[in-house]
Amino acid sequence: MMQKKVIISLISMLTGTAYAGEAHVCNSPDVPVMAPHKARLNDNTVFNCENKISGTIPNLAREGWKIVQVMEQTGEMNVTDPSRSTTYTQLIIQKE
């Protein structure tokens, strides 16, 4: 059984296939829906992730994280005054 695990690990290393990896969900701060475009996502936006991981997209990339998905999410909804509603950007990051 141990020999089989060693062979699978060797094959994974030789073919470049990841045997295990790590992934996290990261969120930007909330911004008003009516905020100018420049106030939303840029290279200075700090994302907070699970396991005390945080940083800007350039910082996360330097640390070896790959951005595998970017989504704009609805934050706080204000039904009486939609201009006071918020959104945030959510990343899924992965490292092999």
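Structural notes, computed from the coordinates. Predicted model only: the values in this text are computed from it and were never measured. (Residues numbered from 1 in each chain as written. Predicted model: local features only at pLDDT ≥ 70, side-chain atom pairs only at ≥ 80, totals over all residues. Heavy atoms only, no water.)

## Description of the overall build of the protein chain
What counts is decided by this rule: Each helix corresponds to a stretch of at least 4 residues labelled H or I by DSSP, and each strand to a stretch of at least 2 residues labelled E; elements are numbered beginning at the N terminus. Burial classes: relative accessible area under 20% of the type maximum marks a residue as buried, over 50% as exposed, and values in between as partly exposed (1.4 Å probe, protein chains only). Residues are treated as being in contact if the distance between any of their heavy atoms lies within 4.5 Å. To be clear on the numbers: accessible area is Shrake-Rupley with a 1.4 Å probe, and residue cover counts the displayed protein chains and nothing else.
When you go through the protein chain residue by residue, the secondary structure sums to two helices and six strands. For the protein chain, the succession of helices and strands along the chain, N to C, is α-β-β-β-β-α-β-β. By the burial criterion, 23% of the 96 residues in the protein chain qualify as buried. For the protein chain, the share of sequence-separated contacts (at least 6 apart) that also reach a separation of at least 24 residues comes to 54%. If you sum the accessible surface of the protein chain, you get close to 7100 Å²; carbon and sulfur atoms cover 56% of it.

## What to know about the side chain of Ser28
Heads up, the rule is: For the purposes of these results, a polar contact is taken to be a pair of N or O atoms within 3.5 Å, where, inside protein, one atom must be able to donate a hydrogen and its partner to accept one; residues adjacent in sequence count only when each atom of the pair is a side-chain atom.
Within the element layout of this structure, Ser28 appears in the loop between strand 1 (22-27) and strand 2 (31-32). Side-chain polar atoms of Ser28 contact the backbone nitrogen of Thr89, separated by 2.9 Å. Setting aside anything within four residues of it in sequence, one finds Ser28 in contact with Thr45, Val46, Phe47, Tyr88 and Thr89.

## Considerations on unusual backbone geometry
Residue Asn51 is not a glycine yet carries a positive backbone phi of 55°. For Asn51, a relative accessible area of 57% translates into the label exposed.

## Some thoughts on the nonpolar core
Quick reminder of the rule: Side-chain atoms within 4.5 Å link the members of a nonpolar core, which is a set of buried Ala, Val, Leu, Ile, Met, Phe, Trp, Tyr and Cys residues.
Core analysis: the largest hydrophobic core is formed by eight residues, namely Cys26, Phe47, Cys49, Ile53, Leu60, Trp65, Leu91 and Ile93. Taken together, the elements giving at least two residues each to this core come down to strand 3 (47-49) and strand 6 (86-95).

## A look at a nonpolar patch on the surface
The line we're drawing: Residues form patches when they are more than 30% accessible in relative terms and have no salt bridge. Like charges link within 9 Å. Nonpolar side chains (Val, Leu, Ile, Met, Phe, Trp, Tyr) link within 5 Å. Salt bridge, as used here: a side-chain nitrogen of Lys or Arg that lies within 4 Å of a carboxyl oxygen of Asp or Glu.
Taken together, the side chains of Leu41, Ile67 and Val70 present a nonpolar region at the surface, about 220 Å² in accessible area. Summarising the element assignment, Ile67 is placed in strand 5 (residues 66-74).

## Things to note about the pairing of strand 6
Condition: Strand pairing is defined by DSSP finding a minimum of two bridges between the two strands.
Counting buried residues in strand 6 gives seven out of 10 residues, a clear majority hidden from the surface. Pairing geometry for strand 2 and strand 6, over two bridges, is antiparallel. If you follow Val31 over to strand 6, its bridge partner there is Thr87. For strand 5 and strand 6, the ladder comprises eight bridges, and the chain directions are antiparallel. Bridging across to strand 6, Ile67 finds its partner in Ile93.

## Some words on the environment of Thr86
Along the chain, Thr86 falls in strand 6. Placed 53 residues apart in sequence, Thr86 and Val33 show a C-alpha to C-alpha distance of 4.9 Å. Excluding residues within four positions of it along the chain, Thr86 makes contact with Asp30, Val31, Pro32, Val33, Thr74, Gly75 and Glu76.

## Here we look at the environment of Gly55
Note that Gly55 resides in strand 4 (residues 54-55). The spacing of Gly55 and Thr45 is 10 residues in sequence and 7.9 Å in space, taken between C-alpha atoms. Ignoring anything within four residues of it in the chain, the contact list for Gly55 reads Thr45, Val46, Phe47 and Leu60.

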